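Listed here are the chains, written in short residue letters.
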Amino acid sequence: MNVPSPSIETDTLTRARRQRVLLITTTLAASLIFWVFVFADSGWGPLLTPLAVHLHISLATTGLLYVVWSTGYLPGALLGGTMLDRYGPRPVFFAAALLVMLGLSSIALALLVPQGVPFVFLLAIAGIAGIGGGVIDASSNGLISSLFASKRGTALNLFNLLYPLGGVLLSLVDAELLTLFHNDPRPSFLFTLGFIVIALLSLLGIPRGFQLRHVTSPANGIPQQAEPEKSRTPLMHLLVLLAPVIMAMMFTSGISSSVRAWTPAYIHVTYGQSAAVAAELSCIVWLLSAISRLGAAALIIRIGAWRMVMLGILVSLAGFLAMWFSTDIRSGTFAIALASIGLSPIFATFLSIGSELAKKSPGTVSGILLFTSGLSTVFCGWFFGLLLNTAGPRWAVIFCMIFVLLAGILALRLRPTPARA
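Because the structure is a prediction, the values reported are computed rather than measured. (Residues numbered from 1 in each chain as written. Predicted model: local features only at pLDDT ≥ 70, side-chain atom pairs only at ≥ 80, totals over all residues. Heavy atoms only, no water.)

> Requested: an account of the state of the cysteines, with residues and values cited.
Between two cysteines, a covalent bond joining their sulfur atoms is known as a disulfide. Taken as a whole, this structure holds zero disulfides when the rule is applied. Of all cysteine sulfurs, the one in Cys400 lies closest to Cys380, which takes part in no disulfide; the gap is 7.6 Å. A relative accessible area of 1% places Cys400 in the buried class. (Disulfide = S-S within 2.5 Å. Buried < 20%, exposed > 50% of the residue type's maximum accessible area, 1.4 Å probe, protein only.)

Here's what the structure looks like:
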C-alpha cells in the first residue's frame, strides 16, 4: 500500500491554494474590466440629454453617439472572443481598456471647446471606444464561461449581474454630478476615466502567460492545468450549431440594451422630468434589474435555462404592456422596471445555452453571440430613439413588444429534447 509522502501532500495543497488565488484574482480582474464596459455603455443614457444641451444639438442627433458606440462594438465583440482564445485575458483586457479610455478622454477634452469640434469627430471617437467595449464584453464573458464551466448558467447570470449593479452605481454618481455641476457632462466622463485606471491596475492579478486553453473547471471550482485543444471548432460549424440562439438573440438583446440606454431620455420625453431626476429614477430600474438577475442565477438551477428564457420573455411583455397603459411617472417607472426585470436574465442565459451547445472555444462562441447582440443593439438603439423622438413613446413601446414576442416564438426551437435534458 503506497502512502503519499508529506512533501507530496504539501505540494498538492500549495498548488491547490495557488489555483484558488488565481481563480479569485482572475475573476476580480475580469469583473473590474467588465465594469469599464458597463460604465461606458450605460453611461450614455444619463448623459444624452446633457450632451444635447451642451453641444446645442437635438436629442435625436446626440443619440447617434450611442448608435455609433454600438456599431464600433460589433467588430470588437467578434474579434474579442477569438483574441481571448489565442492570447489570453491579460493582454486582451489591457488593450481593450486603453481603447475605451482613449475614446472617452478624447470626448471629454473635445467638450471643452464644443463649438470648435465637429460632431463627426465625436462620432468617430465613440466608435473607437465601442471597439474596446466589444472586446471587453466578449472576452470577459468567455473567460467566466471557461473558469466556471461546471455551473456556467449560474456563473454567467451572476457575472452579468455586474451590469445592472454598475448601472445603479453610475446612475447615482451621474445624478449627483449633474446636480452639482448644473448638467455639465464632463465630470461624469472624468469619473469613468478614473475607474478605468483602477481596473487596469487589477490586471496585475492575472499571470502574464495565463491562457484560456489551460483552464478547466471541475466540480470544486478550482482551475486546473489541462491539455491544449488539439483542434478548434470550424467557424461555419459553430454558426450552424448556434443558429437558433443567434436568431432569438437578435430580437431580445437590442431591446434590452435600448431600454437600458434610453430609460432616462424616455422618462424625460414621456413625463417631462429633468435630466438629473430622470437619472435618479433610472437607478430604481437598474436596482430592480440587478435583484432580478440575482434571483435568476438561483432560479435557473431549478427550472433550467430554456424555461428561464421563456419566463423572462413573459415578464418583459407584461412590463411593456404596463408601459403602454401608464399615465404618470410612478406607474411608468414601475412598468419600465418590470420590462427590465424580464429582459435582464435573457442575454446571459442565451449565452449559457450557446456555450453548452458548442462545448468548445468559449471565447469564440461568446464573440459570435455578442456580435449578434451588437447587431441587434445598433438597429434597436437607433430605431427606438427614432420612434421615441419622432412618432412618440407609445410607438417605441409597440416596437419593443413585437420584437420580444418574435423572440419568444423563436426560442421555442431551443426547448430541450429528452436526449439533451
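> Which residues make up the environment of Gly130, and what values do they have?
Among the secondary structure elements, Gly130 is positioned in helix H5 (residues 119-147). Sequence spacing of Gly130 and Tyr66 is 64 residues, and the spatial spacing of their C-alpha atoms is 9.0 Å. Here Gly130 is in contact with Trp69, Gly72 and Tyr73, once residues within four sequence places are set aside. (Helix = DSSP H or I, 4+ residues; strand = E, 2+ residues; numbered from the N terminus. Contact = heavy atoms within 4.5 Å.)

> Before we move on, could you go through the nonpolar core and cite the residues and values that matter?
Counting residues in each nonpolar core, the largest one holds 119 residues, and the members touching the most others are Trp44, Phe189, Ile255, Phe320 and Phe350. Tallying contributions element by element places helix H1 (residues 6-42) first for this core, with 13 residues. Not counting the four nearest positions on each side in its chain, Trp44 is found in contact with Leu51, Leu65, Tyr66, Trp69, Ile107, Ala126 and Phe189. (Core = buried A, V, L, I, M, F, W, Y, C linked by side-chain atoms within 4.5 Å.)

> Go over the confidence of the model for the protein with me, naming the residues and quoting the values.
Detailed conclusions should not be drawn from predicted coordinates in areas where pLDDT is low. Per-chain confidence: the protein averages 83 in pLDDT, with 90% of residues scoring 70 or above. Confidence scores differ between elements of the protein, with helix H12 (residues 275-303) showing the lowest mean pLDDT of 78 and helix H8 (residues 186-202) the highest of 94. Segment residues 214-231 is flagged for pLDDT under 50; beyond a separation of four residues in sequence, or across chains, it makes 35 contacts in the model. (pLDDT = per-residue confidence, 0-100.)

> Run through the packing of aromatic side chains, naming residues and quoting values.
All told, the structure shown has 20 aromatic pairs when counted by the stated rule. Ring geometry for Phe379 versus Trp382: centroids 6.1 Å apart, planes at 50 degrees, classification tilted. Of this pair, Phe379 and Trp382 both sit in helix H16 (residues 362-391), three residues apart, which is roughly one turn of the helix. Classification of Trp382 as partly exposed rests on a relative accessible area of 40%. (Phe/Tyr/Trp six-rings, centres within 6.5 Å; stacked < 30°, edge-to-face > 60°.)

> Describe the packing of helix H2 (residues 44-55) against helix H3 (residues 59-87), with residues and values.
Running from N to C, H2 and H3 cross one another at 140 degrees; their axes reach a closest spacing of 8 Å. In this view, H2 runs oblique relative to H3, as classed from their interaxial angle. Seen along the crossing, H2 lies across H3 with a hand that is right-handed. The residues of H3 that touch H2, namely those facing Trp44, Leu48, Thr49, Leu51 and Ala52, are Leu59, Thr62, Gly63, Leu65, Tyr66 and Trp69. For the contact of H2 with H3, the per-class residue count stands at eight nonpolar, three polar and no charged. (Axes fitted to C-alpha atoms, helices over the stretch in contact; angles between N-to-C directions. Parallel < 35°, antiparallel > 145°, perpendicular 65-115°, else oblique. Left-handed = near helix turned anticlockwise from the far one by under 90°. Nonpolar A, V, L, I, M, F, W, Y, C, P; charged D, E, K, R; others polar.)

> Now, about the packing of helix H11 (residues 253-271) against helix H14 (residues 329-343): what can you tell me, with residues and values included?
A packed helix pair is summarised by two numbers, namely the angle formed by the two axes and the spacing between the axes. At a minimum axis distance of 10 Å, the contact between H11 and H14 shows a crossing angle of 175 degrees. The angle between H11 and H14 places the two elements in the roughly antiparallel class. Across from Ile255, Ser256, Val259, Thr263, Tyr266, Ile267 and Tyr271 in H11, the residues of H14 making contact are Ile329, Gly332, Ile336 and Leu343. Taken together, the residues of the contact of H11 with H14 sort by class into eight nonpolar, three polar and no charged.

> Run through the side chain of Thr192, naming residues and quoting values.
Within the secondary structure, Thr192 is located in helix H8. Setting aside its immediate chain neighbours within four residues, Thr192 contacts Phe39, Leu104 and Leu170.

> Describe unusual backbone geometry, naming the residues involved and giving the relevant values.
Phi is positive for His182, close to 55 degrees, though the residue is something other than glycine. Residue placement: His182 occurs in the loop between helix H7 (162-180) and H8. On the accessibility criterion, His182 (71% relative accessible area) is exposed. The phi torsion at Asn183 lies on the positive side, around 65 degrees, for a residue other than glycine. Examined against the element boundaries, Asn183 turns out to sit in the loop between H7 and H8. For Asn183, a relative accessible area of 37% gives the class partly exposed.

> I'd love a proper account of the pattern of salt bridges, names of residues and values included.
Here the structure, examined in full by the defined rule, presents two salt bridges. The salt bridge involving Arg152 is made with Glu356; its shortest N-O contact spans 2.9 Å. Linking Arg152 in helix H6 (residues 152-160) with Glu356 in helix H15 (residues 346-358), this pair joins segments that are 204 residues apart in sequence. Classification of Arg152 as buried rests on a relative accessible area of 11%. Here Asp184 ties to Arg186 by a salt bridge, and the two come within 2.7 Å at their closest N and O atoms. Taking relative accessible area as the criterion, Asp184 reaches 15% and is therefore assigned buried. Exposure remark for Arg186: the relative accessible area of 21% places this residue in the partly exposed category. (Salt bridge = Lys/Arg side-chain N within 4 Å of Asp/Glu carboxyl O.)

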